Amino acid sequence: MNYNVNEKGYYGEFGGAYIPEMLYPNVEELRQNYLKVMAEPDFKKEFDQLLKDYVGRPSPLYFAKRLSEKYNTKIYLKREDLNHTGAHKINNTIGQILMAKRLGKHRIIAETGAGQHGVATATVCALMGLECIVYMGEIDIARQAPNVARMKMLGAKVMPALSGSRTLKDATNEAIRDWINNPVDTHYIIGSAIGPHPYPDMVTRFQSIISEEIKWQLKEQTGHENPNYVVACIGGGSNAAGTYYHYLHEPEVGIIAVEAAGHGVDSGESAATSVLGKEGIIHGCKTLLMQTKDGQITEPYSISAGLDYPGVGPMHAHLCKTGRAEFMAITDDDAMNAGLELCKLEGIIPAIESSHALAIFKQRTFKSNDVVVVSLSGRGDKDLENYINYFKI
Ligand SMILES: *Cc1c(COP(=O)(O)O)cnc(C)c1O
């Protein structure tokens, strides 16, 4: 079984490029060039150098001793929370800004929901001195004031999306419209392992630095490259794709994907796409998607803004369908408690997204000598208000 993208841009039956004809030249230009550019020694050198000196990689692989004792198994945390800007998203935006420059683009557009991808994009645009326009739903702009302020400080222009429900999908539509109108000088930075081919594969490759590092770090610490399990939370699926990438074809490594159950999978307020989703088209690709009977996208819900997405990247849809990955759904309450537990046991305040991945230890037992690597995708600074309100701190 192949879990990577095929020549046509598919993972099994999922993926492809379902785009308006007018977008075809932009996507095709990227498709024809992305692998070639990524293989250039100069590109690799600049990417690696920035990951090291600007992002702060390699991120540590930390053996969480007290957490491991509590759950009677061996838990290692991949500390993406220690990256510059506080999460894994910067790995992808660094890669894409270098790609944009190689393709001669000097104007960058992006869409953002909670603002995390917008901040990561604004950051790399400032770094490279490129114009940055971030589309964001009007409702999200009001809800995410600190990230809007960050983007503005970093020199980005934040454009409100005023149509529809004025949230992420409307911002995506605006970004696509912009790209159609500016096909020559503009690159569109998508923030997760989603979008028309070649985006899911390109984003996955940029994020694959996560599992590349886990391999040698684990070897250094335990004598073995392969853990028994790799675990990551899934919004669109970019930190997960990077965490799994070098283990996809290692059958002895179990893959665990953690989705947000919100108030519960059957509550009507959830983002557990693998359970609730049906095949459909979102953001230019065929994948699992939460939708009504007549194909309207259902509003997802999760306490964590980064997991509040109605679809899942096509690679993950394939991992789910083939059974290669085990999917678990974690409620808001279980995630919040797991987040607080990590604070108390390890002195690390995780992003609420990452707290979902940590919550699996209450639901599922592992053997005492199992090595379980969990992607700690981000830090909790951005979520402080949420934690405060939830725990009445
Ligand atoms: C955005 C975000 C996620 C979800 O995005 P993926 O593409 O699924 O990785 C997870 N964790 C953090 C900290 C995020 O900021």
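What you see is a predicted model; the values in this text were computed from it and never measured. (Residues numbered from 1 in each chain as written. Predicted model: local features only at pLDDT ≥ 70, side-chain atom pairs only at ≥ 80, totals over all residues. Heavy atoms only, no water.)

Let's talk about the pairing of strand 12 (residues 285-289)
Buried residues dominate strand 12, accounting for 4 of its 5 residues. Pairing between strand 11 (residues 278-282) and strand 12: 5 bridges, direction antiparallel. Across the sheet, residue Ile281 finds its bridge partner in strand 12, namely Lys286. Linking strand 11 to strand 12, which pair antiparallel, is a turn of 2 residues; within it His283 sits at a positive phi near 55°. (Buried < 20%, exposed > 50% of the residue type's maximum accessible area, 1.4 Å probe, protein only. Helix = DSSP H or I, 4+ residues; strand = E, 2+ residues; numbered from the N terminus. Pairing = 2+ DSSP bridges.)

Some points on the nonpolar core
Counting 84 residues, the largest nonpolar core has Ile97, Met99 and Tyr244 as the members making the most contacts within it. If near-sequence neighbours (up to four positions away) are discounted, Tyr244 is found in contact with Ser211, Val230, Ala232, Ile234, Ile255, Ile256, Ala257, Met315, His316 and Leu319. Ile75, Leu77, Ile330 and Phe361 belong to the second-largest nonpolar core, a separate cluster that totals 29 residues. (Core = buried A, V, L, I, M, F, W, Y, C linked by side-chain atoms within 4.5 Å. Contact = heavy atoms within 4.5 Å.)

So, the UniProt feature "modified residue: N6-(pyridoxal phosphate)lysine" (unreviewed entry) in the chain
Taking the numbering used here, the UniProt-annotated feature "modified residue: N6-(pyridoxal phosphate)lysine" (unreviewed entry) corresponds to Lys89. Within the secondary structure, Lys89 sits in helix 4 (residues 89-102). (UniProt positions renumbered as here; feature names shortened; annotations may be inferred.)

Focus: the UniProt feature "domain: Tryptophan synthase beta chain-like PALP" (unreviewed entry) in the chain
Annotation from UniProt places "domain: Tryptophan synthase beta chain-like PALP" (unreviewed entry) at residues 56-378. Across residues 56-378, helical content stands at 41% and strand content at 21%; the span's end C-alpha atoms are separated by 14 Å.

Comments concerning the packing of aromatic side chains
Across all of its chains, the model carries 11 aromatic pairs by this definition. Aromatic pair Phe43 and Phe47: ring centres 6.2 Å apart, planes at 25°, arrangement stacked. Note that Phe43 and Phe47 are positioned in helix 2 (residues 41-55) at a spacing of 4 residues, about one turn of the helix. On the numbers, 4.8 Å between centres and 80° between planes, the contact of Tyr390 with Phe391 is edge-to-face. (Phe/Tyr/Trp six-rings, centres within 6.5 Å; stacked < 30°, edge-to-face > 60°.)

Some thoughts on the sheet that holds strand 3 (residues 61-63)
The strand order across the open sheet built from 6 strands is 3-4-14-9-10-13, with neighbouring strands paired in mixed fashion. The open sheet is flanked by strand 3 and strand 13 (325-331), the only strands paired with a single partner. The average angle at which neighbouring strand axes cross in this sheet is 25°, direction not considered. Direction of pairing for strand 10 (residues 254-262) relative to strand 13: parallel, over a ladder of 7 bridges. In the sheet register, Glu259 faces strand 13, and the bridge partner there is Ala329. Each of strand 3, strand 4 (74-79) and strand 14 (371-376) touches helix 10 (residues 209-222); the most contacted strand, strand 4, lies at about 135° to it. (Axes fitted to C-alpha atoms, helices over the stretch in contact; angles between N-to-C directions.)

Considerations on the side chain of Thr243
Among the structural elements, Thr243 can be located in helix 11 (residues 238-244). A distance of 2.7 Å separates a polar atom in the side chain of Thr243 from the backbone oxygen of Asn239. Excluding residues that lie within four positions of it along the chain, Thr243 makes contacts with Ile210, Ser211, Ile214, Val230, Val231, Ala232 and Ser375. (Polar contact = N/O pair within 3.5 Å; in protein donor to acceptor, adjacent residues only side chain to side chain.)

Describing the packing of helix 14 (residues 332-346) against helix 17 (residues 384-391)
Interhelical geometry of helix 14 versus helix 17 gives an angle of 105° and a closest axis separation of 11 Å. In this view, helix 14 runs roughly perpendicular relative to helix 17, as classed from their interaxial angle. For the pair formed by helix 14 and helix 17, the contact residues are Asp333, Met336, Asn337, Gly339 and Leu340 on the first element and Asn386, Tyr387, Tyr390 and Phe391 on the second. (Parallel < 35°, antiparallel > 145°, perpendicular 65-115°, else oblique.)

Some words on the packing of helix 4 against helix 5 (residues 116-128)
Packing of helix 4 against helix 5 brings their axes to within 9 Å, and their N-to-C directions diverge by 45°. Considering their axes alone, helix 4 and helix 5 lie oblique with respect to each other. Between helix 4 and helix 5 lies a crossing whose hand is right-handed. Together, Lys89, Ile90, Asn92, Thr93, Ile94, Ile97, Leu98 and Lys101 of helix 4 and Gln116, His117, Ala120, Thr121, Thr123, Val124, Cys125, Leu127 and Met128 of helix 5 make up the contact between the two elements. Residue composition of the contact of helix 4 with helix 5, by class: 9 nonpolar, 6 polar and 2 charged. (Left-handed = near helix turned anticlockwise from the far one by under 90°. Nonpolar A, V, L, I, M, F, W, Y, C, P; charged D, E, K, R; others polar.)

Some remarks on the site of the ligand
Around the ligand there are 15 residues in total, and Lys89, Ser192, Gly235, Gly237 and Ser238 lie nearest to it. Contact between the ligand and His88: an oxygen atom at 2.9 Å from a side-chain N or O atom of the residue. Protein chains bury 97% of the 380 Å² of accessible surface belonging to the ligand in isolation. The residue makeup of the shell around the ligand, split by class, is 3 nonpolar, 10 polar and 2 charged. (Near = heavy atom within 4 Å. Areas by Shrake-Rupley, 256 points an atom, 1.4 Å probe, with all protein chains shown as cover.)

Comments concerning the sheet that holds strand 7 (residues 157-161)
The strand order across the open sheet built from 4 strands is 7-6-5-8, with neighbouring strands paired in parallel fashion. Either end of the sheet is taken by a strand with one partner, and the two such strands are strand 7 and strand 8 (186-188). The sheet shows a mean angle of 25° between the axes of neighbouring strands, taken without regard to direction. Pairing analysis gives 6 bridges linking strand 5 (residues 107-112) to strand 6 (residues 131-137), with the strands arranged parallel. Residue pairing in the sheet places Thr112 in a bridge with Met136 of strand 6.

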